[in-house]
Amino acid sequence: KQEVTQIPAALSVPEGENLVLNCSFTDSAIYNLQWFRQDPGKGLTSLLLIQSSQREQTSGRLNASLDKSSGRSTLYIAASQPGDSATYLCAVRPPSTTGANSKLTFGKGITLSVRP
Amino acid sequence: EPEVTQTPSHQVTQMGQEVILRCVPISNHLYFYWYRQILGQKVEFLVSFYNNEISEKSEIFDDQFSVERPDGSNFTLKIRSTKLEDSAMYFCASLFSGRPPHEQYFGPGTRLTVT
């Protein structure tokens, strides 16, 4: 059974710092991995999706990398801002030939606080 | 940009009552999902739905739960007799097709409070 772990549970950094959020998963047989942002009491906003054949994806100040063989992904946030304060979740999808079985398995998330 | 919508945003119900949570997936999407997140816990998969039938369900999705796509646009989750432990945020998601990148788009969620 796939397990996704995100450590630490919470992180507090000063504004402007570059930071790395870690995600690990127990079964390296994944189809893709998604990083989400969740603001308190709100829904899930997809940030980046990495296919299993890819090593990284970039969007603005965000860069996500994937090392499937070691069961790890990192989300790099450059020049953090107070507006980046949120919970960041990673989720993995198992292999499938169709989307029908593409349930996502989530980590618990890392709650980031960026201090002004 | 198309988005998944969910109603209501917050539902309060008494234990034992039936509730229906509604979702409108993105219009050309073919795969639909329900997830839930109990406060402070992980987001958990409940059920996936394709071609008017359940594709997969988790052990959480017992006989008290059902899903339906009644009219080709709405996708509903029904809980027949709510329990206190059903209090959670419920997320609907949809996916376009079997082709990559298989990105699931999530709605804003319905917060269900069972008293």
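Right, let's walk through the structure included here. Predicted, not measured: the structure shown is a model, and the values here were computed from it. (Residues numbered from 1 in each chain as written. Chains lettered and ligands numbered in written order. Predicted model: local features only at pLDDT ≥ 70, side-chain atom pairs only at ≥ 80, totals over all residues. Heavy atoms only, no water.)

## Here's the deal with the packing of aromatic side chains
Throughout the structure, instances matching the rule amount to twelve aromatic pairs over all chains. Ring centres 6.1 Å apart and planes at 85° place the aromatic pair Phe106(A) and Phe106(B) in the edge-to-face group. In this pair, Phe106(A) is assigned in strand E10 (residues 105-106) and Phe106(B) in strand E10 (residues 105-106), connecting two distinct chains. Arranged with centres 5.5 Å apart and planes meeting at 40°, the rings of Phe32(B) and Phe75(B) form a pair that is tilted. Of this pair, Phe32(B) sits in strand E4 (residues 31-37) while Phe75(B) is found in strand E8 (residues 75-79), placing the two residues 43 residues apart along the sequence. The pair Phe32(B) / Phe75(B) is uniform in exposure class, with both members buried. Here the guanidinium or amino end of Arg93(A) rests over the ring plane of Tyr31(A), the centre of that ring lying 4.3 Å away. (Phe/Tyr/Trp six-rings, centres within 6.5 Å; stacked < 30°, edge-to-face > 60°. Helix = DSSP H or I, 4+ residues; strand = E, 2+ residues; numbered from the N terminus. Buried < 20%, exposed > 50% of the residue type's maximum accessible area, 1.4 Å probe, protein only. Lys NZ or Arg CZ within 6 Å of the ring centre and 35° of its normal.)

## Points about the sheet that holds strand E7 (residues 65-68) of chain B
All names here are of chain B. Pairing is antiparallel in the open sheet, where four strands are placed in the order E1-E3-E8-E7. Where the open sheet ends on each side, the last strands, each with one partner, are strand E1 (5-7) and E7. Put simply, the sheet's adjacent strands are angled 20° from each other on average, direction ignored. Direction of pairing for strand E3 (residues 19-24) relative to E8: antiparallel, over a ladder of five bridges. Bridge pairing links Val-19 to Ile-79 in E8. (Pairing = 2+ DSSP bridges. Axes fitted to C-alpha atoms, helices over the stretch in contact; angles between N-to-C directions.)

## Notes on the environment of Lys57(B)
Residues and elements named next belong to chain B. With respect to the helices, strands and loops of the structure, Lys-57 is situated in strand E6 (residues 53-57). Once the C-alpha coordinates of Lys-57 and Leu-46 are considered, the two residues, eleven residues apart in sequence, prove to be 5.7 Å apart. Setting aside chain neighbours within four positions, we find Lys-57 in contact with Phe-45, Leu-46 and Val-47. (Contact = heavy atoms within 4.5 Å.)

## Description of the sheet that holds strand E7 (residues 62-67) of chain A
All names here are of chain A. With antiparallel pairing, five strands are arranged side by side in an open sheet as E1-E3-E8-E7-E6. The open sheet has two edge strands with one neighbour each: strand E1 (4-5) and strand E6 (56-59). Bridging between E1 and strand E3 (residues 19-25) involves two bridges; their strand directions are antiparallel. Within E3, the position partnered with Val-4 by the bridge is Phe-25.

## Remarks on the pairing of strand E4 (residues 32-38) of chain A
Both faces of the sheet carry side chains from a regular strand, because those side chains alternate between them. Residues and elements named next belong to chain A. For E4, the buried fraction is high: seven of the seven residues fall into the buried class. By the alternation rule, side chains of E4 split into Asn-32, Gln-34, Phe-36 and Gln-38 and Leu-33, Trp-35 and Arg-37, which are all buried. Pairing analysis gives seven bridges linking E4 to strand E5 (residues 44-51), with the strands arranged antiparallel. Bridge pairing links Arg-37 to Thr-45 in E5. With seven bridges joining them, E4 and strand E9 (residues 86-93) adopt antiparallel strand pairing.

## Considerations on the state of the cysteines
In a disulfide, the sulfur atoms of two cysteines are held together by a covalent bond. Across all of its chains, the model carries two disulfides over all chains by this definition. Sulfur-sulfur distance for the disulfide between Cys23(A) and Cys90(A) comes to 1.9 Å. Disulfide Cys23(A) to Cys90(A): torsion about the S-S bond roughly 70°, handedness right-handed. Placement of Cys23(A) in strand E3 and of Cys90(A) in strand E9 is noted, with a sequence separation of 67 residues between them. Taken individually, Cys23(A) and Cys90(A) each receive the classification buried, so the pair is uniform in this respect. Linked covalently through their sulfurs, Cys23(B) and Cys92(B) form a disulfide whose S-S length is 1.9 Å. Where Cys23(B) bonds to Cys92(B) through sulfur, the torsion about that S-S bond is close to -60°, and the disulfide is left-handed. In this pair, Cys23(B) sits in strand E3 while Cys92(B) sits in strand E9 (residues 88-95), placing the two residues 69 residues apart along the sequence. Given a relative accessible area of 0%, Cys23(B) falls into the buried group. (Disulfide = S-S within 2.5 Å.)

Limitation: the analysis is restricted to geometry and does not speak to function.
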